[in-house]
Amino acid sequence: MRTLTYSIESLREFFMINVIGTMKQLKAVLGTAVDMTVYRKLRQLSYLTSYSHHGKYYTLNELTRFDSLGLWKHGDARFSKYGTLINTTQALVSLAEEGYTLSQLRQAVGCEVKETLLTLVRQQRIHREVIDGQYVYFAASPSKQRKQHLARMKGPPRLSTEGPDLL
């Protein structure tokens, strides 16, 4: 019995035309019903999995153009040079000059990160503090935390309705 050969070139051509694809699409291109066959071929091409959509989308490294945060999107699919959403979130928080609030991070990554942040805090991979009534997420390293905290506090002055009576 002859072993089936699946064309890596057909997979490359699919990505050159479509840029991203789902497992279902990639199996159709290769003519297989087996996920592992697709993964073997993708590995030969150096691929990325989306951090959005529960990793539903795939693309080739060579097709990505990461922004300054190491993020790239194509349509609704989002990809990161850090891989998964949890690794991307940890990296962005750890590298941020002033840390991140939930809304700042959500805007940066383009998807929901509340549960991811909570997981990272519980695993002590990042640190969380309440500042001006909202959580701010900082790096796990105490020295980096201090730098981020100081940078955040040096921001524009915050108006307060409380304070000494000037009369």
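Q: Residue-level account of the pairing of strand β3 (residues 57-60), with values.
A: Burial along β3 is two-sided: the residues Tyr57 and Thr59 and Tyr58 and Leu60 are all buried. Alignment of strand β1 (residues 21-22) against β3, held across two bridges, turns out to be antiparallel. Paired with Thr22 across the bridge in β3 is Tyr57. Across three bridges, strand β2 (residues 47-49) lies against β3 in antiparallel orientation. By the bridge assignment, Tyr47 is partnered in β3 with Leu60.

Q: I'd love a proper account of the pattern of salt bridges, names of residues and values included.
A: Note that side chains of opposite charge can pair when their charged atoms are close. Per the stated rule, a full pass over the model turns up four salt bridges. The residue Arg12 makes a salt bridge to Glu9 at a minimum N-O spacing of 3.7 Å. Here Arg12 pairs with Glu9, and both are found in helix α1 (residues 8-18), just three residues apart, close to one helical turn. For Glu9, a relative accessible area of 41% gives the class partly exposed.

Q: I'd love a proper account of the nonpolar core, names of residues and values included.
A: Counting 16 residues, the largest nonpolar core has Val93, Leu105, Val109, Leu117 and Ile126 as its most contacted members. Of all elements in the fold, only α4 (85-95), α5 (102-109) and α6 (114-122) reach the threshold of two or more residues within this core. Discounting chain neighbours no more than four positions away, the residues touching Leu117 are Thr89, Val93, Leu102, Leu105, Ile126 and Tyr137. Counting twelve residues, the second-largest nonpolar core is a separate cluster that includes Tyr6, Phe14, Leu30 and Leu42.

Q: Describe α6, naming the residues involved and giving the relevant values.
A: Side chains of residues three or four places apart in an α-helix project in the same direction, reflecting 3.6 residues per turn. Where α6 is concerned, the buried positions are Thr116, Leu117, Leu120 and Val121. Each buried residue of α6 lies within a common arc of 135° when the element is viewed along its axis, so the set occupies one face. Exposed side chains of α6 directed beyond 90 degrees from the buried face belong to Lys114, Glu115 and Arg122. Buried-residue contacts for α6 involve α4, α5, β7 (126-131) and β8 (134-139). Following α6 by one or two positions, Gln124 adopts a phi angle in the positive range, close to 60°.

Q: An account of the sheet that holds β2 is requested, with residue identities and associated values reported.
A: If you trace the three strands from one edge of the open sheet to the other, you get β1-β3-β2, paired in antiparallel fashion. Among the strands making up the open sheet, the edge pair consists of β1 and β2. In the packing of helix α3 (residues 35-45) onto the sheet, the strands contacted are β2 and β3, and the crossing angle to β2 comes to about 120°.

Q: With reference to specific residues and values, describe the sheet that holds strand β6 (residues 100-101).
A: Read across the sheet, three strands follow the order β6-β8-β7 without closing on themselves; strand pairing throughout is antiparallel. Only two strands of the sheet have a single partner each, and these edge strands are β6 and β7. By the bridge criterion, two bridges tie β6 to β8 in an arrangement that is antiparallel. Its bridge partner being in β8, Tyr100 is matched across the sheet by Tyr137. Across the sheet, α6 lies against β7 and β8, angled at about 110° from β7, the strand it touches most.

Conventions and cut-offs
- Residues numbered from 1 in each chain as written.
- Predicted model: local features only at pLDDT ≥ 70, side-chain atom pairs only at ≥ 80, totals over all residues.
- Heavy atoms only, no water.
- Buried < 20%, exposed > 50% of the residue type's maximum accessible area, 1.4 Å probe, protein only.
- Helix = DSSP H or I, 4+ residues; strand = E, 2+ residues; numbered from the N terminus.
- Pairing = 2+ DSSP bridges.
- Salt bridge = Lys/Arg side-chain N within 4 Å of Asp/Glu carboxyl O.
- Core = buried A, V, L, I, M, F, W, Y, C linked by side-chain atoms within 4.5 Å.
- Contact = heavy atoms within 4.5 Å.
- Arc of directions from axis to C-beta.
- Axes fitted to C-alpha atoms, helices over the stretch in contact; angles between N-to-C directions.

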